[in-house]
Amino acid sequence: MQLNTIQEADLQNKTVLCRVDFNVPVKDGVVTDPTRIIAALPTINYILSQKGAKLVIMSHFGRPKGQKDPEFSMKPVAAKFQELLGKKVILASDVIGPEVEKQVKALKSGEVLLLENVRFYPGEEKNDPEFAKQLAAFGDVYVNDAFGTAHRAHASTEGVAHYLPSYAGFLIEKEIKFMAPLLENPEHPFAAIIGGSKVSSKITVLESLAKRCDIIVIGGGMAYTFLKAEGHEIGKSLLEADFIDTAKSFLAAAKSKGVKVVLPVDHICAKEFAETAAPITVDSIDIPSDLIGMDIGPKTVAEIKDAIKDAKSIVWNGPVGVFEFNAFANGTLEVAKAVADCKGTTVVGGGDSVAAVNKFHLASKIDHVSTGGGASLEFLEGKELPGIKALEKK
Ligand code: ADP
Ligand code: MG
């Protein structure tokens with residue numbers, strides 16, 4: 001996959017239309033986690049370093065459902081962005097329309113205009129060509145750095161690319177640099193650690209990874225459906241009964257390909273699914289009928305550590321336990337540490353897994369922490385991301 005990259009673009013004296021992912025958490029009008037804004041700064045600063053360049057930035061924020069809902073205004077985002085950029089950010093009065101046109105035209109070199117929430121218009125999510133054209137009219141060049149939204153074919157992520165020379169920003173470039181080898185030519189041994197709550201949301205990525213992986217670790221709530229498929233007792237643990245057969249065929253297929261599959265061999269359980277529940281260690285694969293599996297046990301941790309220690313590449317998606325509850329966070333913490341300690345290339349993707357890595361302050365020890373939850377999952381599933389496809393060299 002070869003992308004047109006920002007360094008190849010001639011941005012001098014151009015108005016650059018840049019899509020970023022500023023869909024950040026906001027509480028009481030204040031951005032509580034600016035990670036996504038910070039992640040876009042290298043591209044933004046690079047554009048602003050180009051002689052005579054002007055910058056028009058677009059992003060979505062929350063789900064205003066195609067309407068101008070003041071609750072989803074970019075206002076708090078603009079304030080945080082301005083603070084982090086250390087430079088004035090003009091917040092546009094709207095997304096499109098004559099007034100915004102005027103604001104764009106009035107831009108001087110080095111100035112930054114942030115459009116209102118692109119999802120204020122239904123044309124955004126519908127990828128309406130007319131809406132995309134109106135956005136495209138604001139720039140001479142399009143730069144997309146919104147990896148987190150790249151799996152959506154929306155007007156600002158895909159549509160505008162039909163009307164302007166289009167380039168990948170540094171963040172998208174970095175995401176692809178780390179993720180593409182996992183899909184195309186991973187270094188072996190290649191280990192995948194897949195957890196999270198549901199088999200249904202992870203089975204496609206498991207099937208895709210099984211084609212390339214040497215080791216697959218399955219943890220989290222979804223592991224119990226696999227254990228059930230192998231004939232074990234899982235008590236009151238999470239079960240997707242509809243997926244028992246899928247789990248069975250997955251395990252059989254992985255086995256026939258020679259992929260080593262690691263499933264939990266012991267558990268930390270609880271009598272109820274609650275933060276205050278007392279952790280109960282169950283030192284067997286089978287779980288007593290009155291208990292819920294909440295986390296992997298110490299023997300499983302040791303097995304995972306042993307299985308991945310010599311991996312040359314690792315991808316981790318999905319926590320292996322209910323890490324939001326402190327009493328059941330240890331398995332995920334130990335997996336995070338093992339991934340951090342691995343000498344191979346390590347990639348973590350997925351909203352909750354990334355939250356876990358941040359919670360444990362281990363992000364700096366991972367080679368690549370993806371900024372895209374759904375996007376990184378779809379990428380690893382081998383699906384084409386429309387926002388990336390639009391930036392490919394023809
Ligand atoms: P990611 O966002 O990293 O892709 P998922 O959204 O698939 O991960 O899954 C994360 C959720 O899985 C977390 O909220 C976590 O509490 C839950 N989970 C992990 N282990 C269990 C378990 N044993 N039982 C129920 N839920 C679990
Ligand atoms: Mg999640």
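Residues numbered from 1 in each chain as written. Chains lettered and ligands numbered in written order. Predicted model: local features only at pLDDT ≥ 70, side-chain atom pairs only at ≥ 80, totals over all residues. Heavy atoms only, no water.

## Side note on the pattern of salt bridges
For the structure shown, the criterion picks out 14 salt bridges. One salt bridge in this structure joins Asp21 and Arg36, with 3.6 Å as the shortest N-O distance. You can see Asp21 sitting in the loop between strand S1 (15–19) and strand S2 (26–27) and its partner Arg36 sitting in helix H1 (residues 35–49), a full 15 residues away along the chain. For Asp21, a relative accessible area of 8% gives the class buried. With relative accessibility at 27%, the residue Arg36 sits in the partly exposed group. For Lys309, the salt bridge identified is with Asp306, shortest N-O distance 2.9 Å. Owing to a relative accessible area of 51%, Asp306 belongs among the exposed residues under this scheme. A cluster of three or more residues bridged by salt bridges with shared partners is formed by Lys305, Glu334 and Lys337. (Salt bridge = Lys/Arg side-chain N within 4 Å of Asp/Glu carboxyl O. Helix = DSSP H or I, 4+ residues; strand = E, 2+ residues; numbered from the N terminus. Buried < 20%, exposed > 50% of the residue type's maximum accessible area, 1.4 Å probe, protein only.)

## Topic: the packing of aromatic side chains
Inspection of every chain in the model, using the stated rule, returns six aromatic pairs. When the centroid spacing of 6.4 Å and the interplanar angle of 65 degrees are considered together, the rings of Phe61 and Phe72 count as edge-to-face. Here Phe72 lies in the loop between strand S4 (54–58) and helix H2 (75–85) and Phe61 lies in the loop between S4 and H2, a separation of 11 residues in the sequence. Classification of Phe61 as buried rests on a relative accessible area of 7%. (Phe/Tyr/Trp six-rings, centres within 6.5 Å; stacked < 30°, edge-to-face > 60°.)

## Regarding the layout of surface pockets
The space that makes up the largest pocket amounts to roughly 590 Å³. Contributing to the lining of the largest pocket are 24 residues, with Thr35, Val354, Asn358, Ser370 and Thr371 lying nearest its centre. Listed by contribution, the elements that provide at least two residues to the lining of the largest pocket are H1, helix H6 (170–184), helix H12 (351–359) and strand S17 (368–369). No other element matches the five residues that H1 contributes to the lining of the largest pocket. Partitioned by chemical class, the residues of the lining of the largest pocket number 10 nonpolar, 10 polar and four charged. Built from parts of two domains, the lining of the largest pocket gets at least three residues from each of domain 1 (6–171) and domain 2 (178–380). Of the volumes computed, that of the second largest pocket is approximately 490 Å³. (1 Å grid on protein atoms, 1.4 Å probe; cavity = no way out; pocket = protein on both sides within 12 Å on 5 of 7 lines; lining within 4 Å. Points joined across faces, edges and corners; volume = space filled by probe spheres on them. Nonpolar A, V, L, I, M, F, W, Y, C, P; charged D, E, K, R; others polar. Domains from an automatic or database assignment.)

## Focus on the domain arrangement of the protein
We note that the domain assignment places domain 1 (6–171) and domain 2 (178–380) within the protein. For domain 1 and domain 2, the distance between their C-alpha centres works out to 36 Å. Each side of the interface is counted separately: domain 1 has seven residues, and domain 2 has eight residues. Interface area for domain 1 against domain 2, summed over the two sides, is near 610 Å², with a carbon-plus-sulfur share of 65%. Counting every contact that joins domain 1 to domain 2 gives zero salt bridges. There are zero residue pairs in polar contact (both at pLDDT 80 or more) connecting domain 1 and domain 2. Its residues assigned to classes, the side of domain 1 that touches domain 2 shows three nonpolar, two polar and two charged. (Contact = heavy atoms within 4.5 Å. Buried area = accessible area lost by both parts, 1.4 Å probe. Polar contact = N/O pair within 3.5 Å; in protein donor to acceptor, adjacent residues only side chain to side chain.)

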